[in-house]
Amino acid sequence: MVGSDLPAPFVTLAGPHRWDAVVENSEFLAFADRADSPEGALAQLGALRERYPDATHHCWAYRIGGAYRFGDDGEPGGTAGGPILRAIEGQGVDHVMVVVVRFYGGVKLGTGGLARAYGGGAAECLRTAARVTVRARRALRVSVPFEFLGGLYHLLGSLDAVRGEEAYSGSGVSLRVEVFPEDVGGVVAGLRDASRGAAEVVELPWGDTDSD
């Protein structure tokens, strides 16, 4: 029952992280966090612009699967957003947004110096951040008669399963369950045994919200 349509695992950040540096009197504050959509990434940028309205530049880049964007925010083209994006790719992380906030210190760094400051700051921020591997789960629609509900809960409790909202009918309970692909067979077999064949399990396509 394990389908091949699930997205591949990826490494991202476990939470927000910050790394600061001073280069020729300019302050560079690098912020990195997980972002699962372009909208979420740009919301992080907006929040940092509000937090540091007096900063000289807010340069940024995100990589979310095959989608990526970056911005130099007034710095010379190719000296800020591009190096930040290359730092993300070089660190092997995905679903990540990095914003480097600069407070100009009165000394011009030149194009090479800017690229090293922005790219290096982003790379160091990502290098020192805690990471986590994200694996997709397989979604199932499980239905059991009321008398076997305890067996379902016991089975799911033995797995790293995510339970959705329960829907009740005259004959039993139906709910969405998400498990890792290698656990699908165990769920099906376990429910069959626990319910004496009365449970029903339907594997849902990837991305199906299964709204009732």
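The shown structure was predicted, so the numbers you read here are calculated from the model rather than taken from an experiment. Sequence order as written defines residue numbering, which begins from 1 separately in each chain. The model is predicted, so local features are restricted to residues of pLDDT at least 70 and side-chain atom pairs to those at 80 or more, both for listing and for counting; the totals for chains, interfaces and linings are taken over all residues. Water and hydrogen atoms play no part in the side-chain values, which are based on all heavy atoms of the structure.

## Considerations on the layout of surface pockets
Spelled out, the test is: Only protein atoms enter the calculation, which uses a 1 Å grid: trapped sets of points that fit a 1.4 Å probe without letting it out are cavities, open sets showing protein on both sides within 12 Å along at least five of seven lines are pockets, and any residue with an atom within 4 Å of a point is a lining residue. Grid points are joined across faces, edges and corners, and a volume is the space filled by probe spheres set on the points. Side-chain classes follow a simple rule in which Ala, Val, Leu, Ile, Met, Phe, Trp, Tyr, Cys and Pro form the nonpolar group, Asp, Glu, Lys and Arg form the charged group, and the remainder, Gly included, forms the polar group.
Size it by volume and the largest pocket reaches roughly 170 Å³. Surrounding the largest pocket, Pro7, Ala8, Pro9, Phe10, Arg34, Asp36, His95, Val134, Arg135, Ala136, Arg137 and Trp206 form its lining. Residue composition of the lining of the largest pocket, grouped by class: 7 nonpolar, 1 polar and 4 charged.

## Quick word on the packing of helix α2 (residues 81-90) against helix α3 (residues 110-127)
Selection criterion: Axes here refer to lines fitted to C-alpha atoms; in helices the fit is confined to the stretch in contact. Angles between the N-to-C directions go from 0 to 180 degrees. In DSSP terms, a helix is any run of H or I states spanning at least four residues, a strand is any run of E spanning at least two, and both are numbered starting from the N terminus. With respect to orientation, any angle under 35 degrees is reported as roughly parallel, any angle over 145 as roughly antiparallel, any angle of 65 to 115 as roughly perpendicular, and every other angle as oblique. Working rule for handedness: look at the near helix, and if it is turned counterclockwise from the far one by less than a right angle, call the crossing left-handed; if clockwise, right-handed. Note on contacts: a residue pair is in contact if any heavy atoms of the two residues lie within 4.5 Å.
Two numbers describe how α2 lies on α3: the axes approach to 8 Å, and their chain directions differ by 30°. Between α2 and α3, the angle falls in the class roughly parallel. The two elements α2 and α3 cross, and the hand of that crossing is right-handed. In this structure, α2 contributes Pro83, Ile84, Ala87 and Ile88 to the contact, and α3 contributes Ala115, Tyr118, Gly119, Ala122, Ala123 and Leu126. Grouping the amino acids of the contact of α2 with α3 by side-chain chemistry returns 9 nonpolar, 1 polar and no charged.

## Here we look at the sheet that holds strand β9 (residues 162-168)
The condition that has to hold: For two strands to be treated as a pair, DSSP must find at least two bridges joining them.
Across the sheet, 4 strands lie side by side as β9-β10-β8-β11; this open sheet has antiparallel pairing. At either end of the open sheet lies a strand with only one pairing partner, and these are β9 and β11 (200-203). Recorded for the sheet is a direction-independent mean angle of 20° between the axes of neighbouring strands. In this fold helix α4 (residues 149-157) packs onto β8 (138-145), β9 and β10 (172-179), with an angle of close to 150° to the strand it touches most, β8. Packed on one face of the sheet, helix α5 (residues 184-194) meets β8, β10 and β11 and runs near 5° to β8.

## Considering the nonpolar core
As a reminder of what qualifies: In this description, a nonpolar core means a group of buried Ala, Val, Leu, Ile, Met, Phe, Trp, Tyr and Cys residues linked to one another through side-chain atoms lying within 4.5 Å. Here the term buried applies to any residue with accessible area under 20% of the maximum for its type, exposed to any over 50%, and partly exposed to those in between, with areas from a 1.4 Å probe on protein chains only.
Of all hydrophobic cores here, the largest spans 23 residues; its most connected members are Ile84, Ile88, Val96, Val98, Val100, Tyr118 and Leu126. Of all the elements, α3 adds the most residues to this core, at 6 residues. When residues no more than four places from it in sequence are discounted, the contact partners of isoleucine 88 are Ala61, Tyr62, Arg63, Val93, Val96, Val98 and Leu126. Listed in part, the 15 residues of the second largest apolar core include Leu156, Leu175, Val179 and Leu191.

## Here we look at the packing of aromatic side chains
Threshold: In this scheme Phe, Tyr and Trp rings, the latter by its six-membered ring, pair at centre separations within 6.5 Å, and the angle between planes marks the pair as stacked below 30 degrees, edge-to-face above 60, and tilted otherwise. In this scheme, Lys NZ or Arg CZ marks a charge over a ring once it lies within 6 Å of the ring centre and within 35 degrees of the ring normal.
Here the structure, examined in full by the defined rule, presents 5 aromatic pairs. Arranged with centres 6.2 Å apart and planes meeting at 80°, the rings of tyrosine 52 and phenylalanine 103 form a pair that is edge-to-face. On the criterion of sequence distance, the pair formed by tyrosine 52 in the loop between α1 (38-51) and β4 (57-64) and phenylalanine 103 in strand β6 (residues 96-103) is long-range, its members being 51 residues apart. Residue classification places tyrosine 52 among the buried positions, given a relative accessible area of 13%. In this arrangement the basic side chain of arginine 135 is found over the ring face of phenylalanine 180, its NZ or CZ atom lying 4.3 Å from the centre. Sitting over the face of the ring of phenylalanine 180, arginine 137 holds its NZ or CZ atom 4.3 Å from the ring centroid.

## Thoughts on the environment of tyrosine 104
Note the threshold: Polar contact is the term for a pair of N or O atoms within 3.5 Å; when the atoms are in protein, one must be able to donate a hydrogen and the other to accept it, and sequence-neighboring residues count only if both atoms are side-chain atoms.
Take tyrosine 104: it is sitting in the loop between β6 and α3. Using a relative accessible area of 39% as the deciding quantity, one classes tyrosine 104 as partly exposed. As a C-alpha pair, tyrosine 104 and threonine 56 span 48 residues in sequence and 6.0 Å in three-dimensional space. In this structure tyrosine 104 touches Ser26 and Thr56, once residues within four positions along its chain are discounted. Polar contacts involving the side chain of tyrosine 104 include one to the main-chain carbonyl oxygen of glycine 106, which spans 3.4 Å.

## Quick look at α4
Side chains of residues three or four places apart in an α-helix project in the same direction, reflecting 3.6 residues per turn. Note the cut-off: What the arc measures is the spread of directions leading from the helix axis to the C-beta atoms.
Among the residues of α4, Leu149, Leu152, Leu155 and Leu156 are the ones counted as buried. One face of α4 carries all of its buried residues, which in axial projection span an arc of 125°. Facing away from the buried surface of α4 by more than 90 degrees, the exposed residues are His154 and Gly157. Buried residues along α4 sit against β8, β9, β10 and α5.

The values reported here are purely geometric and, on their own, carry no functional implication.
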